[in-house]
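# Chain and residue survey
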Amino acid sequence: MRTRTTVLGLLAAGSLLASAGCAQQDDTSSGAAKPRTVKEVAGCTSGWTDPAVLTADRKPARCDKGAPAPQPLAKKKKLTIVSGTLSAEYAAPLVVAAEKGEFAKENLDVELKVLPTPDALPLLAKGDIDAQWAAPEAAVLNGINGGFDIRWVAGNFSPDPASKSGLWVRLKDGESADHVPMAGRKMGTMIGKGSVIAYPMNTALKKHGGGLDKIQFQQLGSADVLTAMQNGGVDSAWLLDPVWRKVDGDPKYAFLGGQPPGEPLGGLLFGPKLLNDDVDAGVALLRAYIRTVNTYFAGDYKKDAAFLDELSRLLKTDKTVLKSTPSLRMDWEIRGGTIDRLQEAYRDAGVSEGDPIPESRTVNRSLYEEAVGHKK
């Protein structure tokens, strides 16, 4: 396996925007200026769906197993992808692609490294790394506003409808899941306001008279979030997989909402190297990623006991923990308007900088569309 997990040294806090001047761009950059020939791809007749369709029951795009077929580059390319973690389930397609040789089939030598998003962004913008497995968090959009030539080029997953990862509240007398006034309450979470989870968090709160601008926000460690809600230190909490299982079914608590079904909130970010300088390599990388999803993660992958064992080994995660929550719906596509909804949440949370950024400066779907043979 060509995966080598390392932790890079931290960068100075001011480097995120200080280096923006070396990555200035306009709306025509990021590969959009040079039209590319898109050919039909065998096995991918259902490999594209309309990004404007936002229904919760929409099916993710899928190609046949093993598709799109490899198209090895004429010359081997070494690429570096960084991620905040390589042990979380949502990062599994990257780890499995490396383990199964899917990158190598494209003549790509891919190195996976661990690095937090804020530290990786300047490296991505300068071309010191090639891609980032992350999300369009507030730090990413603020960097783009400051001049970074970075685009969100592929999605990662949406939750199974049975998942209850999200906002939970401790009910008071007379309250139910249908009526829980949230304004003024205190919420505990391990995720900061600048995370993409701010969007579904804001949506769930607003349904109950709250909103990120109307609640008290307390950031806690992962081990403390549930305990704080159970002990009364906070009124509500954003509980991730598999922690929510510990309160599911308890009448003292209610689930108010989580990530929107059918809408990925993260995935792959490309910098100028793969967006402009070597688009062939960028498409090849996405082709390997998409093929991995279609081959290993097309459906309920946790039903396969042998694959679950392998996933447990690769992610260094206990198999019982993996099995305790539904399979993620791996999804490489990006929905229309997600960026706008994220920016609205960041504004409510007070973590956005500058004016709202149009989708044309934040999203590039053309590379994964080329990988599956979708012609506009």
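Structure: above.
What comes next concerns the included structure. Here the residue numbers are simple positions, counted from 1 along each chain's written sequence. Predicted model: local features are reported for residues with pLDDT of at least 70 only, side-chain atom pairs are reported and counted for 80 or more only, and whole-chain, interface and lining totals are derived from all residues. In computing side-chain values, all of the structure's heavy atoms are included and hydrogens and water are not.

From N to C terminus, the protein includes 12 helices and 12 strands. In terms of C-alpha radius of gyration, the protein reaches 20 Å, essentially the compact-globule figure of 21 Å for 376 residues. Based on the C-alpha atoms only, the size of the protein along its principal axes is roughly 65 × 50 × 40 Å. Here's how the labels work: a residue is buried when its accessible area is under 20% of the maximum for its type, exposed when over 50%, partly exposed in between, all with a 1.4 Å probe on protein chains only. The proportion of buried residues among the 376 residues of the protein is 56%. When checking whether two residues touch, look at their non-hydrogen atoms; a contact exists if any pair is within 4.5 Å. Counted over contacts in the protein with a minimum sequence separation of 6, partners at least 24 positions apart contribute 83%. Roughly 15800 Å² of accessible area belongs to the protein as shown, and the carbon and sulfur atoms make up 51% of that amount. For the purposes of this entry, the term helix denotes a DSSP run of H or I that reaches at least four residues, the term strand denotes a run of E that reaches at least two, and both are numbered from the N terminus. The globule rule is 2.2 Å times the number of residues to the power 0.38, and the radius of gyration it is compared with is taken over C-alpha atoms. Throughout, the Shrake-Rupley method with a 1.4 Å probe supplies accessible areas, and for residues the shown protein chains are the sole cover considered.

Two cysteine sulfurs form what is called a disulfide whenever their separation falls within 2.5 Å. Counted by the stated rule, this structure contains 1 disulfide. Linked covalently through their sulfurs, C44 and C63 form a disulfide whose S-S length is 2.2 Å. As the torsion about the S-S bond is roughly 110 degrees, the C44-C63 disulfide counts as right-handed. Taken as a pair, C44 in the loop between α1 (15–18) and β1 (77–83) and C63 in the loop between α1 and β1 lie far apart in primary sequence, 19 residues in all. The same class applies to C44 as to C63, namely buried.

Here we come to the layout of surface pockets. Quantified by volume, the largest pocket comes out at close to 1300 Å³. Taken together, 42 residues line the largest pocket, and the ones lying closest to its centre are A88, Y90, F157, I191 and L240. Those elements that place two or more of their residues in the lining of the largest pocket are α3 (117–126), β3 (131–134), α6 (225–231), β9 (236–239) and α10 (319–323). The class makeup of the residues in the lining of the largest pocket is 24 nonpolar, 14 polar and 4 charged. For each structure, a 1 Å grid was placed over the protein atoms alone; sets of points admitting a 1.4 Å probe that cannot get out are labelled cavities, open sets with protein on both sides within 12 Å along at least five of seven lines are labelled pockets, and lining residues have an atom within 4 Å of a point. Grid points are joined across faces, edges and corners, and a volume is the space filled by probe spheres set on the points. Note that Gly is not counted as nonpolar here; it falls among the polar residues with everything else outside the nonpolar set of Ala, Val, Leu, Ile, Met, Phe, Trp, Tyr, Cys and Pro and the charged set of Asp, Glu, Lys and Arg.

With that settled, the discussion passes to the sheet that holds β3. What the 5 strands build is an open sheet, ordered β2-β1-β3-β11-β4; its pairing is mixed. The strands lining the two open edges of the sheet, one partner per strand, are β2 (108–114) and β4 (151–155). The mean inter-strand angle of the sheet, taken between neighbouring strand axes irrespective of direction, is 25 degrees. Here β1 runs beside β2; their pairing, made up of 7 bridges, is parallel. From the neighbouring strand, K77 faces β2, where its bridge partner is L108. DSSP-based pairing: two strands are paired if at least 2 bridges between them are found. Interaxial angles span 0 to 180 degrees and are taken between N-to-C directions of axes, which are lines fitted to C-alpha atoms, for helices over the stretch in contact.

Turning to the packing of helix α2 (residues 92–99) against helix α9 (residues 305–315), a few remarks are in order. Where α2 meets α9, the closest approach of the two axes is 10 Å, and the angle between their N-to-C directions is 100 degrees. Classified by the angle their axes make, α2 and α9 are roughly perpendicular. Two secondary-structure elements touch here, α2 through A92, V95, V96 and E99 and α9 through F307, E310, L311, R313, L314 and L315. Residues belonging to the contact of α2 with α9 are distributed by class as follows: 7 nonpolar, no polar and 3 charged. Oblique is the label for any angle not covered by the other classes, which are roughly parallel (under 35 degrees), roughly antiparallel (over 145) and roughly perpendicular (65 to 115).

With that settled, consider the nonpolar core. Counting residues in hydrophobic clusters, the biggest one holds 101 residues, and the most contacted among them are F103, L268 and F270. Top contributing element to this core by residue count: helix α8 (residues 279–296), with 10 residues. The residues touching F103, leaving out its near neighbours within four places in the chain, are I81, L94, A97, A98, L108, V110, L285 and A288. The set of buried Ala, Val, Leu, Ile, Met, Phe, Trp, Tyr and Cys residues whose side-chain atoms join them within 4.5 Å is what this entry labels a nonpolar core. The next biggest cluster of nonpolar side chains, apart from the first, holds 12 residues, and it includes V225, A237, L239 and Y253.

Pairing is mixed across the open sheet formed by 5 strands, whose spatial order is β8-β7-β9-β6-β10. Bordering the open sheet on either side are β8 (216–219) and β10 (253–258), each of which pairs with just one other strand. Across this sheet, the average inter-strand angle for adjacent strands is 25 degrees, counted without regard to direction. Relative to β8, strand β7 (residues 186–189) is paired through 4 bridges, and the arrangement is parallel. Paired with G188 across the two strands is Q218, which belongs to β8.

Note the cis peptide between A67 and P68, where omega equals -5 degrees. Locating P68 in the fold gives a position in the loop between α1 and β1. With omega at -10 degrees, the peptide bond leading from D241 into P242 counts as cis. Considering the arrangement of structural elements, one finds P242 in the loop between β9 and β10. The backbone of K316 sits at a positive phi, close to 55 degrees, despite the residue not being glycine.

Further remarks concern the environment of P93. In this structure, P93 sits in helix α2. For P93, a relative accessible area of 1% puts it in the buried group. Considering only alpha carbons, one finds P93 and Y253, 160 residues apart in sequence, at a separation of 34 Å.

Taking 1.5 Å as the rise per residue, helix α11 (residues 338–349) with 12 residues should run 16 Å; its terminal C-alpha atoms sit 17 Å apart, in good agreement. Three or more residues of α11 are buried, namely T338, I339, L342, Q343, A345, Y346 and A349. Down the axis, α11 shows its buried residues gathered within 160 degrees of arc, on one side only. Each element contacted by the buried residues of α11 is listed here: α4 (138–145), β4 and α5 (198–206). Two residues or fewer after α11 comes G350, characterised by a positive phi angle close to 75 degrees. One fewer than the residue count of a helix, multiplied by 1.5 Å, yields its expected span. Taking the helix axis as origin, the arc is that swept by the directions to the C-beta atoms.

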